[in-house]
Amino acid sequence: MLVISTFIAQFIMIDSAYNQKASKTLRLEGSKVISNQNIKSVGFIDSRKNTLEIMIITPYIPSLPKVNLFQNGELVNDFTYPNVKLKVKPGDKITIDNTSYDLNIKFELLASADLKLKNNTINVQKGMQKTIRVY
């Protein structure tokens, strides 16, 4: 009797409709995807390309939410977190606006290998703005 019950249970588990209803993992993640042979790969996309990371390196300052970051004159972010990562291209102008704080702030710039900067660190004086150009 046990052998017959085991075979019946295994046969039921083969049925994908029952399996999807019975399995909590499948209900959470969804059903199996059957690949389409007509889909073609477009190649490798490097998400690290054309990126600029700007980090606060002034000691004892974990965040600066009123320091705004502009890209080509448009507000794109602030420094609520000490690291900001931007998608940029050669010729972009990045402006750090420190007009809301009464302290000098030092930033480190890390550009992806396909971009160039004149300086890797910049100091933005209190109450001032500093613009850098990406090459």
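Residues numbered from 1 in each chain as written. Predicted model: local features only at pLDDT ≥ 70, side-chain atom pairs only at ≥ 80, totals over all residues. Heavy atoms only, no water.

Trainee: Quick question: what am I supposed to make of the pattern of salt bridges here?
Mentor: Charged atoms that come close allow side chains of opposite charge to pair. All chains considered together, the criterion is met by one salt bridge. Of the charged contacts, one joins Lys89 and Asp92 as a salt bridge, the two residues approaching to 3.6 Å between their closest N and O atoms. With a relative accessible area of 48%, Lys89 lands in the partly exposed category. Of the residues examined, Asp92 reaches a relative accessible area of 3% and is grouped as buried. (Salt bridge = Lys/Arg side-chain N within 4 Å of Asp/Glu carboxyl O. Buried < 20%, exposed > 50% of the residue type's maximum accessible area, 1.4 Å probe, protein only.)

Trainee: How should I be thinking about the confidence of the model for the protein chain in this particular structure?
Mentor: In regions of low pLDDT, the predicted coordinates are not meant to be interpreted in detail. Residues with a pLDDT of 70 or more make up 72% of the protein chain, whose mean pLDDT is 80. No element of the protein chain has a lower mean pLDDT than helix 3 (residues 24-29), at 56, and none a higher one than strand 5 (residues 93-97), at 95. (pLDDT = per-residue confidence, 0-100. Helix = DSSP H or I, 4+ residues; strand = E, 2+ residues; numbered from the N terminus.)

Trainee: Help me out: how do you make sense of the sheet that holds strand 2 (residues 64-71) in this one?
Mentor: Strand pairing in a sheet takes place through backbone hydrogen bonds and is either antiparallel or parallel in direction. Strand order in the open sheet formed by four strands is 3-2-5-8, and the pairing between neighbours is antiparallel. Unpaired on one side and paired on the other, strand 3 (74-79) and strand 8 (129-133) mark the two borders of the sheet. For this sheet, the mean inter-axis angle between neighbouring strands, taken without regard to orientation, is 25°. (Pairing = 2+ DSSP bridges. Axes fitted to C-alpha atoms, helices over the stretch in contact; angles between N-to-C directions.)

Trainee: Explain the nonpolar core here, please?
Mentor: Note on soluble globular proteins: their nonpolar side chains tend to be buried together. By size, the foremost hydrophobic cluster in this structure holds 23 residues, and its most contacted members are Leu52, Ile54, Phe79, Ile94, Ile96 and Phe107. Every element with two or more residues in this core is listed here: strand 1 (51-56), strand 2, strand 4 (83-87), strand 5, strand 6 (105-111) and strand 7 (121-124). (Core = buried A, V, L, I, M, F, W, Y, C linked by side-chain atoms within 4.5 Å.)

Trainee: When you look at the pairing of strand 4 in this model, what are you seeing that I'm missing?
Mentor: Remember that side chains alternate between the two faces of the sheet whenever the strand is regular. Only one face of strand 4 is covered, namely the face carrying Val84 and Leu86; the face carrying Asn83, Lys85 and Lys87 is uncovered. Where strand 1 lies against strand 4, five bridges are found, and the strand directions are antiparallel. In the sheet register, Thr51 faces strand 4, and the bridge partner there is Lys87.

Trainee: Got a minute to help me understand the sheet that holds strand 7 in this structure?
Mentor: Reading across from one edge, 4-1-6-7 is the order of the four strands in this open sheet, with antiparallel pairing throughout. Looking along the sheet, the strands with just one partner apiece sit at the ends: strand 4 and strand 7. Adjacent strand axes in the sheet meet at a mean angle of 25°, parallel and antiparallel pairs treated alike. Here strand 6 runs beside strand 7; their pairing, made up of four bridges, is antiparallel. Residue Phe107 lies in a different strand from strand 7, and its bridge partner there is Ile122.

Trainee: I keep staring at the side chain of Thr95 and nothing clicks. Help me out?
Mentor: As for its position among the elements, Thr95 is in strand 5. Relative accessible area serves as the criterion here: at 12%, Thr95 is assigned to the buried category. For Thr95, the side chain forms a polar contact with the side chain of Thr131, separated by 2.9 Å. Leaving out residues up to four positions away in the same chain, Thr95 has contacts with Asn68, Leu69, Phe70, Gln129, Lys130 and Thr131. (Polar contact = N/O pair within 3.5 Å; in protein donor to acceptor, adjacent residues only side chain to side chain. Contact = heavy atoms within 4.5 Å.)

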